[in-house]
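Residue strings, one per chain:
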Amino acid sequence: MTIAEIKTEFYNAITNCKTVSELQDLKVKYLGKTGELTAVLKSIKDLPAEERPSFGAKVNELRKEMESCFGQRAELLKSEEMQRRLREEKVDISLTSYPRRGALHPVTLVEREICDLMIAMGFEVLSGPEIETDYYNFQALNIPEDHPARDMQDTFYVTDSILLRTQTSAMQARLMERKNPPLKVVCPGKVYRSDSDASHSPVFHQIEGLVVDKNITLCDLKGTLEYLASHLFGANTKVRFRPSFFPFTEPSVEVDVTCSNCGGKGCSLCKGTGWIELLGAGMVNPVVLENCGIDSTKYNGYAFGIGMDRVAMIKYGIPDIRLFFENDQRFLKQFSK
Ligand code: PHE
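Every value quoted in this text rests on a predicted model; they were computed, and no experiment measured them. (Residues numbered from 1 in each chain as written. Predicted model: local features only at pLDDT ≥ 70, side-chain atom pairs only at ≥ 80, totals over all residues. Heavy atoms only, no water.)

## A few points about the environment of Glu254
Within the secondary structure, Glu254 is located in strand 7 (residues 249-258). According to the relative accessible area criterion, Glu254 is buried, its value standing at 16%. Excluding residues that lie within four positions of it along the chain, Glu254 makes contacts with Arg240, Phe241, Arg242, Ser244, Phe246, Glu277, Leu279 and Gly280. Among the polar contacts listed, one links the side chain of Glu254 to the side chain of Ser244, at a separation of 3.0 Å. (Helix = DSSP H or I, 4+ residues; strand = E, 2+ residues; numbered from the N terminus. Buried < 20%, exposed > 50% of the residue type's maximum accessible area, 1.4 Å probe, protein only. Contact = heavy atoms within 4.5 Å. Polar contact = N/O pair within 3.5 Å; in protein donor to acceptor, adjacent residues only side chain to side chain.)

See the structure below:
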C-alpha cells in the first residue's frame, strides 16, 4: 500500500470507529509494531538512497497526523460514551412518587357487589371482631366443646377460650343478643383456619347472612340466594339445595349454582357436574335462637355463609386462592376498572 492509500483507508476507518475499544484496535492496526504504517516505514530499505529521506519524512508526518487524529477521536468518543452512560444509567428518583392509580382487590369488589345486592333487598351491613370468644364462634352456635363439628374447622386458638374466628357465623349470636327481631343483616369479614393449599388459605373471607322474623321459610332463603346468584353470575344462573348438616341450622343445606363457565353443561371448572358448590345455609336452629333469648315458638329465621374468595375465583377465573394474598401488583392491577 502506498502512503496515500493508507491515509485514505485510515480516515475512513477512524470516522467509522464508534467506541474507544474499536479505536484502540485501530491504533494497533496502523501504528503498532506490526502495523500498516510501521510496515511501510520498514519498506524504506528497498528504496534508492536519495528517496529515503523524503519518504521517511512523509511517513513520519502521517504518523504524527494519525496520532493527533487518534487523540481527538478518543476525546470525542469518551465524551460521547460518558453522555450515553449518563443517559442510560440515570436513576429517576422521582419515579416512586408518581401517584399511581390503585385498584380494588378482587375480594373487595365481590364484597361490595354482594353488599350492594343485599342492601337492595333491605339487609343491613355490619361487621364484628376477628378475635372472637369460643362462646360466639362455637358454643352459642350449638357446637359445645368436644363436638365433632369442631373438626371441620381447624382453629387458631389465642387462649383456651379466645380464638381467631373460623366463620362469620360467630356474628349470629352477637346480633341476636343485641337486637330483637326482625333482623335482616349481612356481615362480611375475614375468617381464619389452619389450612393451606390452592383452594384453602389460613385467612379467607366470608359473608354471613341472617334473617330472623316471623314465618320465615326455606323458600325465602332460596329466593334471596337466587336473586344474589343471578346478579353475581348471570341471569340464567340456577340455584339448588342439597341436604347438609350444620349444628346451628336445621334443616341445613349446601347450596350449588350452575357453573358460570359452561352454563351447566359440564367443564373443568365444575369438574364435569355443571354445578359449583358455593355456600352453606339453613333455617336457624331453634336452640341457637333460645341461646340468644329469642322465643323460638314466635320467631324463626334463616342463615347463610358465603365464601367470598371462592366467588371471586369463579367470577374472575382465578385458579389459586393464594394469589389473593401475595399482593403482587401485576395480579392486582388487572382488576382496576
Ligand atoms: N359457617 C358455615 C361455614 O363456615 C357456613 C354456614 C353459615 C352454614 C350459615 C349455615 C348457616 O362452613
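## Focus on the domain arrangement of the chain
Along its sequence, the chain is organised into domain 1 (3-89) and domain 2 (106-335). A separation of 83 Å is found between the C-alpha centroids of domain 1 and domain 2. (Domains from an automatic or database assignment.)

## Observations concerning the sheet that holds strand 9 (residues 300-307)
Reading across the sheet, the seven strands line up as 1-4-5-9-8-7-6 and stay open at both edges, with mixed pairing between neighbours. In the strand order of this sheet, the two ends are held by strand 1 (124-125) and strand 6 (239-246), each with one partner. Sheet topology places strand 7 next to strand 8 (residues 275-284); eight bridges connect them, and they run antiparallel. Residue pairing for strand 8: Val255 is matched across the bridge by Leu279. Along the sheet, helix 8 (residues 218-233) makes contact with strand 6, strand 7, strand 8 and strand 9, crossing strand 6 at roughly 125°. (Pairing = 2+ DSSP bridges. Axes fitted to C-alpha atoms, helices over the stretch in contact; angles between N-to-C directions.)

## Details of the packing of aromatic side chains
Counted by the stated rule, this structure contains 10 aromatic pairs. Centroid distance Tyr316 to Phe335: 5.2 Å. Interplanar angle 70°. Geometry classified as edge-to-face. Placement of Tyr316 in helix 10 (residues 308-316) and of Phe335 in the segment after helix 11 (329-332) is noted, with a sequence separation of 19 residues between them. What makes Phe335 buried here is its relative accessible area of 13%. Judged by centre distance (6.1 Å) and plane angle (55°), the rings of Phe324 and Phe331 are tilted. We classify Phe331 as buried; its relative accessible area is 11%. Among the aromatic residues, those joined into a cluster by ring pairs are Tyr316, Phe324, Phe325, Phe331 and Phe335. Directly above the aromatic system of Tyr136 lies the positively charged group of Arg174, at a separation of 4.3 Å from the ring centroid. When the ring centre of Phe241 is taken as reference, the NZ or CZ atom of Lys222 above it lies at 5.8 Å. (Phe/Tyr/Trp six-rings, centres within 6.5 Å; stacked < 30°, edge-to-face > 60°. Lys NZ or Arg CZ within 6 Å of the ring centre and 35° of its normal.)

## Things to note about the pattern of salt bridges
Under the criterion given, the structure shown has 14 salt bridges. Among the ionic pairs, Glu88 bridges to Arg84, the shortest N-O distance being 3.2 Å. Of this pair, Glu88 and Arg84 both sit in helix 4 (residues 52-88), four residues apart, which is roughly one turn of that helix. Judged by its relative accessible area of 57%, Glu88 falls in the exposed class. Note on Arg84: relative accessible area 33%, which makes it partly exposed. Put simply, Asp320 and Arg322 hold a salt bridge, and the shortest N to O gap is 2.9 Å. Three or more residues joined by partner-sharing salt bridges are found here, namely Arg240, Arg242, Asp256 and Glu277. (Salt bridge = Lys/Arg side-chain N within 4 Å of Asp/Glu carboxyl O.)

## Considerations on the site of the ligand
Lining the immediate environment of the ligand, one finds 15 residues, of which Gln167, Ser169, Arg193, Gln206 and Gly305 sit closest. Separating a nitrogen atom of the ligand from a side-chain N or O atom of Gln167 is a distance of 2.8 Å. Ser169 is positioned with one of its side-chain polar atoms (N or O) 2.8 Å from a nitrogen atom of the ligand. Burial of the ligand by the surrounding chains reaches 92%, relative to a free accessible area of 330 Å². Most atoms of the ligand, that is more than half of them, are within 2 Å of grid points of the largest pocket. The set of elements that each furnish at least two residues to the shell around the ligand consists of strand 5 (203-213), strand 8 and strand 9. No other element matches strand 9, which puts three residues into the shell around the ligand. (Near = heavy atom within 4 Å. Areas by Shrake-Rupley, 256 points an atom, 1.4 Å probe, with all protein chains shown as cover. 1 Å grid on protein atoms, 1.4 Å probe; cavity = no way out; pocket = protein on both sides within 12 Å on 5 of 7 lines; lining within 4 Å. Sits in = over half its atoms within 2 Å of the grid points.)

## A look at unusual backbone geometry
Backbone phi values are negative for most residues with the exception of glycine, while trans is the configuration of most peptide bonds. With an omega of 5°, the peptide bond between Pro181 and Pro182 qualifies as cis. By the secondary structure assignment, Pro182 is in the loop between helix 7 (170-178) and strand 4 (183-192). For the bond from Glu250 to Pro251, the omega torsion is 0°, close enough to zero to count as cis. By secondary structure assignment, the location of Pro251 is in strand 7. Despite not being glycine, Lys271 has its phi angle at roughly 50°, a positive value. Within the secondary structure layout, Lys271 lies in the loop between strand 7 and strand 8. The phi dihedral of Asn327 falls on the positive side, at around 55°, and the residue is not glycine. Here Asn327 is to be found in the loop between helix 10 and helix 11. Under the relative-accessibility criterion, Asn327 is labelled exposed at 55%.

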